[in-house]
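# Observations on the model geometry
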Amino acid sequence: MDSYRQALNELKGTLGENKVFEDPKILYTYSFDASGLFPGKPLCVVRAFSREDVVNTLKITYKYGIPVTVRGSGTSLTGASIPSENSIVLDLSPMNRIIEVNVVDGYIVVEPGVRLDDLNSELAKYGYFVPPDPASSSTCSVGGCVAEDAGGMRGAKYGTFRNWVLALEVVLPDGEVVFLGEPVLKCRQGLSLLHLIIGSEGTLGVITKIYLKIWPLPEKIVRLMALFKSVEDAGRVVAEAKKHRIVPLIMEFLDKNVLKFVKEATGLDLPEAEAAIIADVDGPLEAVWRYAKRLEEIMRKCGAFEVKASDDPEEMEKLYLARRSAYPASLKLRPMPAVLIEDITVPPSKLPVILKKIYQIAEKHGVPVVVFGHIGDGNLHPVIYTDPKDRELWEKAEKCFKEICLAAIELGGAIAGEHGIGLVKKEVLVEELKARNSLRALDLMKKIKQVFDPKNIMNPDKVFL
Ligand SMILES: Cc1cc2nc3c(=O)[nH]c(=O)nc-3n(C[C@H](O)[C@H](O)[C@H](O)COP(=O)(O)OP(=O)(O)OC[C@H]3O[C@@H](n4cnc5c(N)ncnc54)[C@H](O)[C@@H]3O)c2cc1C
């Protein structure tokens, strides 16, 4: 602890007292993230306003070997931004400047604390956007999105953040600064350290500047809502759409309970069904309704008993709100105090199988589960309800969580599509690699972590078991 006091004095002396916080009330607000699990108390919080603040902080924490948990907006659903034991939290939210929009060269440059919606509001002035859209976009930081390789609804067409990062400025654990990638559309630099940083969850360094590729906003969107009598029928739509060369901008799944929760929580007038799909098709004005009709036919062929399509802004907003409210509504009206949220991804052809299996597994373990997710790219978020105070129920929920992951692995899928590994998926990551005879990959990852972070001080308890 002595070295901690010394480090604290140096932090205050170098950064200024007004950037270093020890007040227990402030520390409490940084002790958890949106996963709602395992609060962890930081030693102190440093609020960084510039790259120099980050460099100075890391030089001091490196010298004293003090762990650092970087924080954007704390919306991680896997415990990734929960402070590690005896760590300081490095809060990057004050680094929130949009530095440059360059339409001709096709990029935007921002500091990591910029909120994703603010970035896209700025780009909208030019008719552009950065497509990945986590449902937390009004809150989450761009740095957090890169560090988590976040996705969202538009992942069906545009993938995750990985596909949009051109270059990054990164402060390494010892305070040295590196620039990875270039703000150009093609770039090779030997082994891609850029792509190691993307999705590294604050374990390798601190991202202090971000260059993202930008894309023209869709010319026209038509939104559809289809209702199904079974989850398997809904699950068949994605593969059928692919066979017919339809790539929707978004394709989202909500089961009957999520529909009910959203209706109750938002007051939206939503229909009843075993499952619903909300989908956007986009394209040129002349073609978009043709695409929408084709998707409607596909949905009906898969068993949809009702399909509505609209380009009316009010109606479209209602459906968008319904999908974006899925997780908050599932939390608000939860039948139990806590949830475990999954993030599995399966090949689209396996969606009907996994959807059926999820409910079977939940029933076997006797735990309530609801399902929503980005069905367009095979990414589902079953939400398992539980109670940390009820040991038996908690264990059942954990077993259910693991078994759903194993089912995804067995179907050739992944345990994590976009939420990262954090604290809660370390064990199932090992299961996935084991199933692929690739535990060596985990070993390599740990060695890479050691090369970047020899003192193991960057978010040390995350990702690796
Ligand atoms: C209601 C809700 C809906 C969500 N929907 C989606 C969704 O649709 N798709 C999706 O992908 N995710 C979703 N998420 C998860 C979460 O919002 C994303 O992972 C988001 O990218 C996290 O951003 P953040 O700024 O909150 O990061 P934080 O939670 O603060 O940090 C996340 C991780 O990144 C690290 N980190 C943060 N900033 C930096 C940096 N500058 N340099 C290095 N490391 C850093 C942290 O140490 C931590 O490990 C949702 C969350 C909520 C609460």
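Anything mentioned here points back to the structure above.
Only a predicted model underlies this, so the values are computations on that prediction, with no experimental measurement involved.

## Describing a nonpolar patch on the surface
A contiguous nonpolar surface patch, about 200 Å² in accessible area, is contributed by Leu193, Leu196 and Ile448. Relative to the elements of secondary structure, leucine 193 occurs in helix 7 (residues 193-197).

## Some details on the packing of aromatic side chains
As enumerated under the stated definition, the model contains eight aromatic pairs in all. Taken together, a centroid distance of 5.8 Å and an interplanar angle of 80 degrees make the contact between tryptophan 164 and tryptophan 215 edge-to-face. Note that tryptophan 164 is positioned in the loop between helix 6 (155-158) and strand 8 (165-171) and tryptophan 215 in strand 11 (residues 215-216), a separation of 51 residues in sequence. Among the residues examined, tryptophan 215 registers a relative accessible area of 38% and is labelled partly exposed. Ring geometry for phenylalanine 179 and tyrosine 211: centres 5.5 Å apart, planes at 85 degrees, overall edge-to-face. With phenylalanine 179 in strand 9 (residues 177-181) and tyrosine 211 in strand 10 (residues 206-213), this pair connects stretches of sequence that are 32 residues apart. Judged by relative accessible area, which is 37%, phenylalanine 179 ranks as partly exposed. Its relative accessible area of 13% is what places tyrosine 211 among the buried residues.

## Side note on the sheet that holds strand 5 (residues 98-102)
Strands sit in the order 5-6-10-8-9 across an open sheet of five strands; the sheet is antiparallel. Unpaired on one side and paired on the other, strand 5 and strand 9 mark the two borders of the sheet. Direction aside, neighbouring strands of the sheet carry axes that sit 10 degrees apart on average. Where strand 8 lies against strand 10, six bridges are found, and the strand directions are antiparallel.

## Quick notes on the pattern of salt bridges
Should their charged atoms come close, side chains of opposite charge can pair. With the rule as written, the count across this model stands at 31 salt bridges. Here glutamate 252 and arginine 323 are joined by a salt bridge, their closest N and O atoms 2.4 Å apart. Here the residue glutamate 252 occupies a position in strand 13 (residues 250-255), and arginine 323 occupies one in helix 11 (residues 313-324), the gap between them amounting to 71 residues. With respect to burial, glutamate 252 and arginine 323 carry one shared label: buried. Overlapping salt bridges bring together Lys402, Glu427, Glu431 and Lys434 as one network.

## With respect to helix 8 (residues 231-243)
All of the buried residues in helix 8 are Val231, Asp233, Ala234, Gly235, Val237, Val238, Glu240 and Ala241. Here the buried face of helix 8 lies against strand 12 (220-228), strand 13, strand 14 (275-283), helix 10 (285-301) and helix 13 (351-365). The first or second residue beyond helix 8 is arginine 245, which carries a positive phi of 60 degrees.

## Structural notes on the nonpolar core
Judged by nonpolar contacts, the single largest core of 61 residues is most densely connected at Phe228, Met251, Leu295, Met299, Ile354 and Ile384. With ten residues, helix 14 (residues 391-410) is the single largest residue contributor to this core. Of the residues that make up this core, three or more belong to each of domain 3 (220-328) and domain 4 (336-419). Residue contacts for methionine 299: discarding those within four places in its chain leaves Leu224, Ala226, Phe228, Val237, Ile277, Ala279, Ala304 and Val307.

## A closer look at the site of the ligand
Taken together, 36 residues sit near the ligand, with Val70, Gly72, Thr75, Ser136 and Ser141 positioned nearest. The set of elements that each furnish at least two residues to the shell around the ligand consists of strand 3 (68-71), helix 5 (142-148) and strand 10. With five residues, helix 5 is the largest single contributor of residues to the shell around the ligand. A class-by-class count of the residues in the shell around the ligand yields 15 nonpolar, 17 polar and four charged.

## Some details on the environment of phenylalanine 253
By the secondary structure assignment, phenylalanine 253 is in strand 13. Among the residues examined, phenylalanine 253 registers a relative accessible area of 0% and is labelled buried. It is 9.5 Å that separates the C-alpha atoms of phenylalanine 253 and histidine 381, two residues lying 128 residues apart in sequence. When neighbours within four sequence positions are excluded, phenylalanine 253 is seen to be in contact with Val231, Ala234, Ala275, Ala276, Leu355, Tyr359, Val371, Phe372, Gly373 and Ile375.

## A word on helix 15 (residues 426-435)
The buried count for helix 15 comes to seven of ten residues, which makes it a mostly enclosed element. Burial in helix 15 covers these residues: Lys426, Val428, Leu429, Val430, Glu431, Glu432 and Leu433. Those residues of helix 15 hidden inside the fold are in contact with helix 14 and helix 16 (439-452). The first or second residue beyond helix 15 is asparagine 437, which carries a positive phi of 55 degrees.

## As for the side chain of threonine 69
Residue position: threonine 69 is located in strand 3. Judged by relative accessible area, threonine 69 falls into the buried class, the value being 0%. A polar contact is formed between the side chain of threonine 69 and the side chain of asparagine 459, at a distance of 3.4 Å. Aside from chain neighbours lying at most four places away, what touches threonine 69 is Ala80, Ser81, Ile82, Pro83, Ser84, Ser87, Ile88, Val89, Leu90, Asn459 and Lys462.

## What about unusual backbone geometry?
Despite not being glycine, aspartate 149 shows a phi value in the positive range, around 50 degrees. Structurally, aspartate 149 can be placed in the loop between helix 5 and helix 6. On the accessibility criterion, aspartate 149 (12% relative accessible area) is buried. Even without being glycine, valine 463 reaches a positive phi, approximately 70 degrees.

## A short note on the packing of helix 8 against helix 13
Contact geometry of helix 8 with helix 13 gives a least axis separation of 7 Å together with a crossing angle of 150 degrees. The angle between helix 8 and helix 13 places the two elements in the roughly antiparallel class. Between helix 8 and helix 13 the crossing geometry is right-handed. Listed contacts from helix 13 to Val231, Glu232, Gly235, Arg236 and Val238 of helix 8 are Leu351, Pro352, Leu355, Lys356 and Tyr359. Within the contact of helix 8 with helix 13, the residues separate by chemical class into six nonpolar, one polar and three charged.

Analysis parameters
- Residues numbered from 1 in each chain as written.
- Predicted model: local features only at pLDDT ≥ 70, side-chain atom pairs only at ≥ 80, totals over all residues.
- Heavy atoms only, no water.
- Patch = residues over 30% accessible without salt bridge, like charges linked within 9 Å, V, L, I, M, F, W, Y side chains within 5 Å.
- Areas by Shrake-Rupley, 256 points an atom, 1.4 Å probe, with all protein chains shown as cover.
- Salt bridge = Lys/Arg side-chain N within 4 Å of Asp/Glu carboxyl O.
- Helix = DSSP H or I, 4+ residues; strand = E, 2+ residues; numbered from the N terminus.
- Phe/Tyr/Trp six-rings, centres within 6.5 Å; stacked < 30°, edge-to-face > 60°.
- Buried < 20%, exposed > 50% of the residue type's maximum accessible area, 1.4 Å probe, protein only.
- Pairing = 2+ DSSP bridges.
- Axes fitted to C-alpha atoms, helices over the stretch in contact; angles between N-to-C directions.
- Contact = heavy atoms within 4.5 Å.
- Core = buried A, V, L, I, M, F, W, Y, C linked by side-chain atoms within 4.5 Å.
- Domains from an automatic or database assignment.
- Near = heavy atom within 4 Å.
- Nonpolar A, V, L, I, M, F, W, Y, C, P; charged D, E, K, R; others polar.
- Polar contact = N/O pair within 3.5 Å; in protein donor to acceptor, adjacent residues only side chain to side chain.
- Parallel < 35°, antiparallel > 145°, perpendicular 65-115°, else oblique.
- Left-handed = near helix turned anticlockwise from the far one by under 90°.

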